[in-house]
There are 2 protein chains.
Amino acid sequence: MRIIIAGAGPAGSLLACYLVRRGHHVAVYERRPDPRGHDDEEGRSINLGLSARGVRALTDVGLMPAIWPLTVPMRGRAVHAPDGRVTFQPYGRRADEILHSVRRRDLVVSLVDHAEAAGAVFHFGHRVVDLDREGPTLVVEHEGRRDAVPADAVVGADGAFSAVRALMHRGLRADLHQEFLPWGYKELTIPRVPAHHEALHVWPGGDDGLIVTHPNLDGSMTATLFLPAGRLAEMTDPEAFFAERFPDALPLMPDLAKEFADRPVGHLVSIRTTPWHDGGKVVLIGDAAHAVYPFYGQGMNSALEDCTVLDRCLGLGSLDGDHLGLAFAEFERSRRPHTDVLDELSRQNFVELRDRVRSPLHKVRQRADLVLAGLFPGRWTPLYTMISHTTTPYADALARSRRQDAVLRWTALGAAGLGAVAMLAARKGR
Amino acid sequence: MRIIIAGAGPAGSLLACYLVRRGHHVAVYERRPDPRGHDDEEGRSINLGLSARGVRALTDVGLMPAIWPLTVPMRGRAVHAPDGRVTFQPYGRRADEILHSVRRRDLVVSLVDHAEAAGAVFHFGHRVVDLDREGPTLVVEHEGRRDAVPADAVVGADGAFSAVRALMHRGLRADLHQEFLPWGYKELTIPRVPAHHEALHVWPGGDDGLIVTHPNLDGSMTATLFLPAGRLAEMTDPEAFFAERFPDALPLMPDLAKEFADRPVGHLVSIRTTPWHDGGKVVLIGDAAHAVYPFYGQGMNSALEDCTVLDRCLGLGSLDGDHLGLAFAEFERSRRPHTDVLDELSRQNFVELRDRVRSPLHKVRQRADLVLAGLFPGRWTPLYTMISHTTTPYADALARSRRQDAVLRWTALGAAGLGAVAMLAARKGR
C-alpha cells in the first residue's frame with residue numbers, strides 16, 4: 001500500500017522504517033529543509049534523553065548500533081543547591097538503568113538515512129495545506145506549487161500543532177485539550193562542566209526558575225532555563241538574574257548575555273485529543289496525537305513507542321475487512337489511556353523538578369524507593385524506574401505504583417498494630 | 001470607531017445594539033442567510049429559555065417590550081416519572097422567578113431589526129476566511145468574491161467553532177479545551193400537551209436518555225431527545241424505543257417516525273479558551289469565548305450577559321492610552337472566571353436532569369431549599385435561584401451557595417451538639 005507520512009521528525013521517520021519493512025510504499029513530506037543540509041534548530045529542543053522505550057523502538061528497526069556512538073550516558077541527576085553544593089542522585093540501582101543524551105538532529109538524520117536506504121522517499125520543504133479525507137489525498141505546497149498526493153492512508157506525524165490533525169478533525173466530534181505552561185524556556189550553553197559530565201544537572205529554583213542540562217559528545221552541555229514566560233520575555237540583564245538566583249551556574253556560561261539575546265523564547269504545550277484516526281484513512285502519532293510537557297523526559301520516547309505500538313496493531317493477524325481501519329482503531333484504543341497518564345505524570349514532574357527535588361524529604365523518599373527495590377527485587381519497582389527504564393505501559397506502571405504504595409501503607413499499619421499488641425501483651429505480662 | 005462583528009446570532013446582534021449606542025460604526029458579517037428571509041434552523045437549538053441575565057441585557061438596550069410577546073412563561077419543571085405520573089416543581093418561590101421560552105429565530109430577528117434601525121449594517125451570506133490581526137482587517141467571502149474589511153476592532157461572535165478565534169489564536173500561546181459530550185440530540189415536536197403548558201417538561205431516563213421540552217406560542221412544544229450519540233445515530237425504530245423507555249411521551253408525538261428520520265443529530269460541545277482578545281484589535285464573546293452544555297439553560301443568557309459586561313468595560317472612565325486594549329483585557333479578566341464556573345455547573349446539571357431530578361431525595365432537597373429561602377428571606381438563596389433568577393456573577397453565586405451549605409452544616413452540627421448536651425444534663429439530673 002501507499003502510505004504518506006506528514007512530518008519527518010523522530011516519530012515520522014521511525015514509522016517510515018517500520019512501514020517500509022512491512023512492504024509499504026512510503027512517502028514522507030516535511031515542512032522544514034533537509035536536516036542533512038542544514039543545522040538550524042532555532043535554539044529549540046536540541047537535546048533529548050533517550051530511555052528504555054525509545055531504545056526498544058530503535059532496536060526494533062535495527063538502528064541502535066548506529067545511534068549508540070551519538071549518545072552520552074546520563075547516570076543520574078546532579079542537583080545543585082543554592083549554596084553551590086552538588087548532590088548526585090543515581091537514576092536507578094542497576095548500571096543499565098540510565099538515560100542517554102542525544103541531539104535531536106543527530107537522531108533524525110540517522111533515522112532519515114536508514115528509512116531512505118530501505119526505500120522510503122523523503123520530500124523536504126513541503127508544507128501540508130489540505131487533506132481530502134475520503135481519498136485520502138494530501139495536498140502539499142512546495143516553492144509556491146501545490147500537489148495533490150493520493151494514498152491509501154495518511155499519517156499525521158507533524159507535531160503538536162499538526163496540520164493533519166486540524167484538517168482531519170474538520171466536521172468531526174473531536175475533543176482537543178491544548179494548554180500552554182505559563183513558563184517558557186531558553187537554551188544556553190555550558191562549554192565545560194567541572195564534575196558529573198555524565199549526568200542531567202538540575203538547578204531547582206522554585207518560583208524563580210529551573211535549569212536542566214543535557215551533556216553533549218564534545219564535553220559541553222546544553223542548558224535549558226525555564227522561567228515564567230513573562231519574566232523570560234522581559235529580562236534585560238540575565239547576568240544579574242543568574243548572579244542572584246543561580247550564582248554557581250553563572251561562571252559556567254561565558255556566553256550567557258549574547259546567547260540570551262540571540263535565542264528565541266520556547267513555549268511548552270500539552271495536547272490531548274480524540275479521535276486519533278478517521279477510519280482507515282488518516283491516523284495521528286507522536287506529538288500530533290499527544291504532546292506533553294518535557295519534565296518526565298518522555299515526549300520523544302513516547303512518540304517512538306507509538307511507532308512500535310502502531311506497527312504491532314498493523315501486524316495483528318485477526319484483523320480483516322477494513323484492515324487499516326481496525327488497526328488504527330486498535331492503536332487509539334490501546335494506546336491513548338497510556339499517553340493520557342503520561343500527560344498527568346509530566347505535569348507533576350514539573351513541580352517535582354522545580355521544587356521538591358531539592359527537599360530533604362524527596363531525597364529520603366528516593367533512597368527509600370531504591371532500598372525497597374533492593375529488598376524486594378522484581379517486586380518493588382519505583383514509578384520513575386518503570387517509566388524510564390522499562391517498557392511497561394504508562395498507565396500500568398502508574399497502577400502498579402499505586403498498588404505498591406497501598407501495600408506499603410498496610411504493611412506499615414500492620415507492623416504498627418503488631419507492635420501495639422506486643423506492647424499490650426508485655427504490659428499484661430508484667 | 002469602526003467595529004466589525006463576525007456573527008449575527010444573539011450575542012453578535014445584541015452587541016451591535018450596545019456599540020451603536022456608544023456611537024461606533026458597526027458592521028456585522030454573518031455566514032448564514034438573513035433569518036428574516038429564511039426559516040431554516042436545521043432542526044437545531046430552536047428554543048431557548050430566557051432568564052434574568054438575558055432579560056437584563058435585553059432591557060438594557062430597550063428591547064424587552066418587543067420580546068415579551070414572543071415568549072411563553074415556564075413556571076417550573078414538569079417531571080415525568082416512568083409510571084406516567086407528572087410532578088410539578090416550581091422554579092422559584094416568587095411569581096417572577098420563572099423562565100421564558102423563546103424561539104431563537106424570533107429573538108435574533110428582533111435584535112437584528114433593532115440594531116439595523118439604530119444604524120448597524122448587516123451583511124448576510126458572508127463567510128470569514130482570514131484575519132489580519134495587525135490592522136485589524138477581516139477578510140470575508142461572499143458569492144465567490146473576497147473582501148478585506150479594515151476596522152478599529154474585530155469582535156468574534158461567531159459561535160463555538162469560531163473562525164475569528166482560530167485566526168486570532170494563530171501563533172499565540174492559546175489554551176483551548178474543546179470537549180464533545182458523548183451524547184447527541186434530536187429535536188421533535190409535541191403538537192399539544194395535556195397539562196402544564198407553561199413548564200419545561202423533563203423525562204429523566206438515566207442512561208437511556210433524557211427528554212426536555214420548551215413551550216411554543218402556538219400551544220405546541222419542542223422536545224429535545226438526548227441520547228448517547230452512537231445509539232441516536234443507529235436507531236432505526238424510534239417508536240419501539242419510545243414505547244419501551246418513554247411510553248407516556250409516545251402518544252404526544254404523532255410525527256415521531258418521520259421527524260426522527262428527517263432531522264439531523266445535533267452535537268453538544270463545551271469550549272474553554274484563553275486569551276479572549278489580542279490587544280485592542282480582536283475580542284471574542286459568547287460561544288466563541290465559552291460554550292457550555294445546555295443543561296443549565298444558561299448558554300444564550302451568558303452570551304447576552306457578555307455584551308452587558310463588555311459594554312461596561314468599554315465605559316470604564318479610568319481607561320486611557322490603548323482604550324480598547326484595556327477594555328478587552330478587563331473584560332476577560334473580570335468575566336472568564338464566571339463562565340468557567342458556568343461550564344462546571346452545566347456539566348453537573350446534565351447528571352442532575354438525567355438522573356437525580358426524579359429521585360425522592362432531590363425533591364426533598366429542592367423543597368428544603370425553598371423552605372429555607374422562605375425562612376431566611378434574602379439570606380438563604382438556592383444556587384439555582386441565583387444562577388437563573390438573579391444577575392449575581394456565576395462564580396459569586398457558587399461561592400455564596402457553598403458558604404450557605406457550610407453554615408447549614410455547622411448549624412445542624414451545633415443543634416445536634418446542643419441536643420446531646422441537653423440529653424446528658426437531663427440524665428445527670430435524674
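Bear in mind that the values here come from a model prediction, so they are computed numbers and not experimental data.

## Comments concerning helix 1 (residues 10-21) of chain A
Residues and elements named next belong to chain A.
Then, in step 1: Between its first and last C-alpha, helix 1 extends 17 Å over twelve residues, near the 16 Å set by a 1.5 Å rise per residue.
Then, in step 2: Taken across its twelve residues, helix 1 has eleven buried, putting it largely inside the fold.
Then, in step 3: One or two positions beyond helix 1, positive phi appears at glycine 23, with a value near 90°.

## Describing a nonpolar patch on the surface
All names here are of chain A.
Then, in step 1: A cluster of nonpolar residues, Val371, Leu375 and Phe376, forms a patch on the protein surface that exposes about 300 Å² of accessible area.
Then, in step 2: Mapped onto the secondary structure, phenylalanine 376 falls in the loop between helix 11 (360-375) and helix 12 (383-389).
Then, in step 3: Residue class for phenylalanine 376 comes out partly exposed when judged on its relative accessible area of 41%.

## Quick notes on the domain arrangement of chain A
All names here are of chain A.
Then, in step 1: Each domain of chain A was delimited in the assignment, giving domain 1 (2-72 + 103-177 + 270-352), domain 2 (180-266) and domain 3 (360-429).
Then, in step 2: Put simply, the middle of domain 1 and the middle of domain 3, counted by C-alpha atoms, are 38 Å apart.
Then, in step 3: Across the domain 1/domain 3 interface, buried area totals approximately 1,300 Å², and carbon plus sulfur atoms make up 60% of it.
Then, in step 4: Together, Arg53, Tyr296 and His338 form the three largest contributors to the area buried by domain 1 at its contact with domain 3, with a combined 44%.
Then, in step 5: Here domain 1 is connected to domain 3 by zero salt bridges.
Then, in step 6: At the junction of domain 1 with domain 3, the criterion picks out six residue pairs in polar contact (both at pLDDT 80 or more).
Then, in step 7: Taken together, the elements giving at least two residues each to the side of domain 1 that touches domain 3 come down to helix 2 (52-60), helix 9 (299-314) and helix 10 (323-354).
Then, in step 8: Along the lines of polarity and charge, the residues of the side of domain 1 that touches domain 3 split into six nonpolar, five polar and five charged.

## Observations concerning the environment of serine 401 of chain A
Residue and element names in this part refer to chain A.
Then, in step 1: Here serine 401 shows up in helix 13 (residues 394-429).
Then, in step 2: The buried category is assigned to serine 401, whose relative accessible area is 9%.
Then, in step 3: The contact partners of serine 401, leaving out residues within four places of it in the chain, are Leu383 and Met386.

## A look at the relation of the copies chain B and chain A
Then, in step 1: Overlaying chain B with chain A gives an RMSD of 0.1 Å, the required rotation being 180° about an axis along which the chain moves by 0.1 Å. Taken together, the rotation and translation describe the operation of a two-fold axis. It is histidine 177 of chain B whose C-alpha, among those of chain B, lies nearest the rotation axis, at 2.2 Å.
Then, in step 2: Here 100% of the interface residues in chain B have copies in chain A that are interface residues too; the copies meet face to matching face.

## Details of the sheet that holds strand 3 (residues 47-50) of chain A
All names here are of chain A.
Then, in step 1: One open sheet holds the three strands; their spatial order is 3-7-4, and the pairing between them is antiparallel. With partners counted over all chains shown, the strands left at the sheet margins are strand 3 and strand 4 (72-74), one partner each. For this sheet, the mean angle separating the axes of adjacent strands, direction not counted, is 35°.
Then, in step 2: Here four bridges tie strand 3 to strand 7 (residues 99-103), and the two strands are oriented antiparallel to one another. Within strand 7, the residue paired with asparagine 47 across the bridge is arginine 103.
Then, in step 3: Helix 4 (residues 104-118) rests against strand 3 and strand 7 of the sheet, and its axis sits at about 80° to strand 7.

## Considering the packing of helix 1 (residues 10-21) of chain B against helix 4 (residues 104-118) of chain B
Each pair of packed helices can be summarised by the angle the axes make with each other and by the distance between the axes.
Residue and element names in this part refer to chain B.
Then, in step 1: As a packed pair, helix 1 and helix 4 sit with axes 9 Å apart at the nearest point and diverge in direction by 25°. As judged from the angle between their axes, helix 1 and helix 4 are roughly parallel. For helix 1 against helix 4, the interelement crossing comes out left-handed. Residues Pro10, Ser13, Leu14, Ala16, Cys17 and Val20 of helix 1 lie in contact with helix 4, whose contacting residues are Arg104, Leu107, Val108, Leu111, Val112, His114, Ala115 and Ala118.
Then, in step 2: Of the residues in the contact of helix 1 with helix 4, the class split is eleven nonpolar, two polar and one charged.

## Considering the sheet that holds strand 10 (residues 137-142) of chain B
Residues and elements named next belong to chain B.
Then, in step 1: Read across the open sheet, the three strands follow the order 9-10-11; overall the sheet is antiparallel. If you trace the sheet from one side to the other, it starts and ends with strand 9 (127-132) and strand 11 (145-150), each paired once. Across the sheet, the mean angle from the axis of one strand to that of its neighbour is 25°, orientation sign disregarded.
Then, in step 2: Inspection of the sheet shows strand 10 paired to strand 11 by six bridges, in the antiparallel sense. Within the sheet, the bridge partner assigned to histidine 142 lies in strand 11 and is arginine 145.

Each value, and the rule that gives it
- Residues numbered from 1 in each chain as written.
- Chains lettered and ligands numbered in written order.
- Predicted model: local features only at pLDDT ≥ 70, side-chain atom pairs only at ≥ 80, totals over all residues.
- Heavy atoms only, no water.
- Helix = DSSP H or I, 4+ residues; strand = E, 2+ residues; numbered from the N terminus.
- Expected span 1.5 Å × (residues − 1).
- Buried < 20%, exposed > 50% of the residue type's maximum accessible area, 1.4 Å probe, protein only.
- Patch = residues over 30% accessible without salt bridge, like charges linked within 9 Å, V, L, I, M, F, W, Y side chains within 5 Å.
- Areas by Shrake-Rupley, 256 points an atom, 1.4 Å probe, with all protein chains shown as cover.
- Salt bridge = Lys/Arg side-chain N within 4 Å of Asp/Glu carboxyl O.
- Domains from an automatic or database assignment.
- Buried area = accessible area lost by both parts, 1.4 Å probe.
- Polar contact = N/O pair within 3.5 Å; in protein donor to acceptor, adjacent residues only side chain to side chain.
- Nonpolar A, V, L, I, M, F, W, Y, C, P; charged D, E, K, R; others polar.
- Contact = heavy atoms within 4.5 Å.
- Least-squares fit on C-alpha atoms with pLDDT ≥ 70 in both.
- Pairing = 2+ DSSP bridges.
- Axes fitted to C-alpha atoms, helices over the stretch in contact; angles between N-to-C directions.
- Parallel < 35°, antiparallel > 145°, perpendicular 65-115°, else oblique.
- Left-handed = near helix turned anticlockwise from the far one by under 90°.

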